[in-house]
Amino acid sequence: MTQNTTILDYFNLFWFAVLPYLALFTFLLVTIQRYTRRGFTYTSLSSQFLENKMHFWGLVPFHYGILTILFGHLLGFLIPRQVMLWNSDPLRLYVLEVTAFVGGIFTLVGLVNIVLRRLADPRAKVVTSTADWIVISILLFQVSTGLLVAIFNSWGSFWYAASISPYFWSLLVFNPNIAYVTPLPLLVKLHIISAYFLVLLFPFTRLVHILVVPNPYLWRKPQLVRWYWNRRKIRTPEYLVKRK
Amino acid sequence: MDIRSQISMVFHLDKCIGCHTCSIACKNIWTDRRGTEYMWWNNVETKPGTGYPTKWEDQDKYQGGWEKKNGKLKLRSTGKGRIIFNIFHNPHQPGLNDYYEPWTYKYDELFNAPEGNDQPTARPISMITGKYIDIEAGPNWDDDLSGSPVYAKNDPNLSALTAEQKAQLFAIERLVFFYFPRICNHCLNPACVAACPSGAIYKRGEDGIVLIDQERCRGWRSCIAACPYKKSYYNWNTGKSEKCILCFPRLETGQAPACFHSCVGRIRYLGVLLYDADRIDEIAKKPDEELVEAQRELIMNPHDPAVIKAARESGIADDVIKAAQESPVYKFVKEWKIALPPHIEFRTLPMLFYVPAMLPVMSSFDGKTVKNMSEGLFPDLDKARAPIEYLGKLFAAGNNSKVRYVLKKQMAIRTYRRAVTVGDVDMETAERMLLEADCSVQEAEAIYKLTSLCTFNERFVIPPAHREEAIEMMKDPLEHKQSVGFGFREEPKRGL
Ligand code: SF4
Ligand code: SF4
């Protein structure tokens, strides 16, 4: 091995074996710490109230787009075999690829509208923080590289399941095997690295609202009443004694 | 029977002078912070008028409240299935433009202006962006019918009137209006609670006050659209919703809420009502014209031994039951039946009731003399300036007989008191009127007393706070602070 390749190795090692853990642990520690200490800051920070029209053209395509894409990535990671099996029929492969691409375009269009809205509307501008701009920039980079990968290194749903999915699994079992990713094209690598940055910065930004999506709403009763004591027993003498 | 206690309110509209003292008292205490400048937890509207936010009663526009669908109650704006689609962009959420852009003035320009020939002026600046703005609307833009062809004409309740009645209402010498102060109704079937995806809004078990847990609110804004009275507001600065808390810290220390305490016209009454929580759903589903009566049925008689027993069993303290027995609200709503709920057709079962405004004595001016339009003291109800249909739409879901009953009783009482004190009406006529209005002499006296000679303690029968249920005994008070809808453990600044 020559001197040169060793440096490159260290490079790869840092980006693909150190950074992911750094990102993941920061993510875990800070989200938990923020939730327990500063849970108040977990909010969508919606600005729809201040600007109600452009909001639709930004937020709706963005969220539908990114959810489709995230779901696709998750599938490739969790059930790579089934995805490959599905893709064995070219027609089905097309369907998957086109869906993913359209999702990407939606995300991009949404993001661009979000940027325009936050620049153009003076009220929306007031509630836009530096952290927001950082998140938006990384997301823009992320979606653009993703779309470029889809164009220049097509059939991603195929090779993702074969190379990146095993790489992620190797990370997850604390036995990182970066040999899966080192041969991949630069675009793909950039896409992965920027994803790690997103995870790393996640707990410091508004992205935390993803963690508080209101799923219990789907099964809770419509009306909520809070009692701080057992109302059937509160007036009985035993109850008062017991509490002391 | 599941008896619960609810702190309820009555506003006597005949006494409201439209001074807005209540709104200011509230604003000074609760909503003078960044992000809440535009919020008026208490506001006073001129009716007919479009109100605040503009045309809030128009549910085709705002989709607030409940509707009956296949025998079930459904929120108009959202629901379990629809929440997923509504959460990114809520299609029914009012924006700042439906309220107004709050502003202040650049007062320092008055002092720092260079010497010149013109008087310096303080120009208005937006309290959101800090930039100069042209003021286009405010929370009371149509106060006292100002600009009525533009504003009052758009009042959604006018749809109940015929073209002729509308023309009559707006004919200049017949122009009529009354004030309509509003706070959160602390409803029994609140749409805001049912719409909240995070489960952050709740009714306090002990007194039914509806609060938004600031810690758990995630800014999904569903309550804003769902509340048909538009009494939940979005704080654009903290990214959380806030609403009237009925000044519970004052109530817990035996004081009346600030808007009640400061009310110049003394129009406000507050007291406990006991109700049967098991029947809420059934009652809220009744047909429109039965709703007023059905809600009254839900309110239980606090003197009935069976009710008292059930109340004790569900942990209601004896002195709270006693407060319920003395409650002025119970008298107005249930015994005398002269207080009506606002827009009960929204089916949230509001617990703030209104004594509708009486019609002013009507006369006309034919160019030479002022002519009385009626024989007696008061005009015929059907020839009244404010058509019964209008009040019926506002306070009885279109069941005009309910309004007619109230107005008749009020007229009879006034005639009766006139007979007693002035003597230009004979007692026989007065008593006949009382009889026709379903009112005994004792009742007339009692209503008269509680309406015009009421003391502070008669208007506000506040149930005593119980130390054994005080929150500091159950929970870390600091931790509790944010969950009661106001008060922050952390700096209430926008999250990152
Ligand atoms: S008036 Fe609106 S905010 Fe108040 S309890 Fe009723 S639905 Fe909720
Ligand atoms: S303070 Fe009383 S009289 Fe004055 S506007 Fe408010 S409710 Fe009406």
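For the structure itself, look to the data block above.
Read on for an overview of the structure. (Residues numbered from 1 in each chain as written. Chains lettered and ligands numbered in written order. Predicted model: local features only at pLDDT ≥ 70, side-chain atom pairs only at ≥ 80, totals over all residues. Heavy atoms only, no water.)

## A few points about the packing of aromatic side chains
(1) Moving on: Under the criterion given, the structure shown has 37 aromatic pairs over all chains.
(2) Moving on: Measuring from ring centre to ring centre gives 5.6 Å for Phe11 of chain B and Tyr354 of chain B, while their planes differ by 90 degrees; the resulting arrangement is edge-to-face. Placement of Phe11 of chain B in strand E1 (residues 3-12) and of Tyr354 of chain B in strand E14 (residues 352-355) is noted, with a sequence separation of 343 residues between them.
(3) Moving on: Residue class for Tyr354 of chain B comes out buried when judged on its relative accessible area of 1%.
(4) Moving on: Ring geometry for Phe456 of chain B against Phe460 of chain B: centres 4.9 Å apart, planes inclined by 80 degrees, an arrangement best described as edge-to-face.
(5) Moving on: For Phe456 of chain B, a relative accessible area of 33% puts it in the partly exposed group.
(6) Moving on: Put simply, the rings of Phe11, Trp56, Phe180, Tyr229, Phe260, Phe346, Tyr354, Phe395, Phe456 and Phe460 of chain B touch in pairs and so form one group of aromatic residues.
(7) Moving on: Lying across the ring of Trp86 of chain A, Arg92 of chain A places its NZ or CZ 5.1 Å from the centre.
(8) Moving on: If you follow Arg417 of chain B out to its NZ or CZ, it ends over the ring of Tyr448 of chain B, 3.8 Å from the centre. (Phe/Tyr/Trp six-rings, centres within 6.5 Å; stacked < 30°, edge-to-face > 60°. Helix = DSSP H or I, 4+ residues; strand = E, 2+ residues; numbered from the N terminus. Buried < 20%, exposed > 50% of the residue type's maximum accessible area, 1.4 Å probe, protein only. Lys NZ or Arg CZ within 6 Å of the ring centre and 35° of its normal.)

## Observations regarding the sheet that holds strand E1 (residues 225-226) of chain A
(1) Moving on: Spatially, E1(A)-E8(B)-E9(B) is the arrangement adopted by the three strands of the open sheet, whose pairing is mixed. Every interior strand has two partners, whereas the edge strands, E1 of chain A together with strand E9 (210-212) of chain B, have only one.
(2) Moving on: Both E1 of chain A and strand E8 (residues 201-204) of chain B contribute to a ladder of two bridges, which runs parallel. Across the sheet, Arg226 of chain A pairs through a bridge with Arg204 of chain B, a residue of E8 of chain B. (Pairing = 2+ DSSP bridges.)

## Re the interface of chain A and chain B
(1) Moving on: Counting residues at the interface gives 54 residues for chain A and 79 residues for chain B.
(2) Moving on: Taken together, the two surfaces of chain A and chain B that pack against each other cover about 5,800 Å², and 56% of this comes from carbon and sulfur.
(3) Moving on: Considering only the side of chain A, the residues that lose the most area to chain B are Phe40, Phe49 and Arg226 of chain A, jointly responsible for 17% of the buried surface there.
(4) Moving on: Joining chain A to chain B, the criterion identifies two salt bridges.
(5) Moving on: Arg226 of chain A is paired through a salt bridge with Asp213 of chain B; the nearest N and O atoms lie 2.8 Å apart.
(6) Moving on: Counting the contacts that link chain A with chain B gives 28 residue pairs in polar contact (both at pLDDT 80 or more). (Contact = heavy atoms within 4.5 Å. Buried area = accessible area lost by both parts, 1.4 Å probe. Salt bridge = Lys/Arg side-chain N within 4 Å of Asp/Glu carboxyl O. Polar contact = N/O pair within 3.5 Å; in protein donor to acceptor, adjacent residues only side chain to side chain.)

## Let's talk about the pairing of strand E11 (residues 240-243) of chain B
(1) Moving on: On E11 of chain B, burial covers both faces: Lys240 and Glu242 of chain B on one face and Ser241 and Lys243 of chain B on the other are all buried.
(2) Moving on: Adjacent in sequence and paired antiparallel, strand E10 (residues 232-235) of chain B and E11 of chain B are bridged by four residues, among which Gly239 of chain B carries a positive phi angle near 75 degrees.

## Details of the pattern of salt bridges
Residue and element names in this part refer to chain B.
(1) Moving on: Scanning the entire structure with this criterion turns up 29 salt bridges over all chains.
(2) Moving on: A salt bridge links Arg296 to Glu293; the nearest nitrogen and oxygen atoms lie 3.3 Å apart. Highlighted residues: Arg296 and Glu293, both in helix H11 (residues 291-298), separated by three residues, approximately one helical turn.
(3) Moving on: The exposure class of Arg296 is buried, given its relative accessible area of 6%.
(4) Moving on: Through salt bridges with shared partners, a single network forms among Lys47, Glu57 and Asp155.

## Brief notes about the environment of Asp155 of chain B
Residues and elements named next belong to chain B.
(1) Moving on: Inspection of the secondary structure puts Asp155 in the loop between strand E6 (124-126) and helix H5 (163-170).
(2) Moving on: Given a relative accessible area of 3%, Asp155 falls into the buried group.
(3) Moving on: Contacts of Asp155, omitting those with residues within four sequence positions, involve Lys47, Pro48, Gly49, Thr50, Glu57 and Tyr390.
(4) Moving on: A distance of 2.7 Å separates a polar atom in the side chain of Asp155 from the backbone nitrogen of Asn157.

## Regarding the environment of Pro203 of chain A
All names here are of chain A.
(1) Moving on: Structurally, Pro203 is set in the loop between helix H8 (186-201) and E1.
(2) Moving on: Among the residues examined, Pro203 registers a relative accessible area of 1% and is labelled buried.
(3) Moving on: For the pair formed by Pro203 and Tyr35, sequence separation is 168 residues and the distance between their alpha carbons is 9.5 Å.

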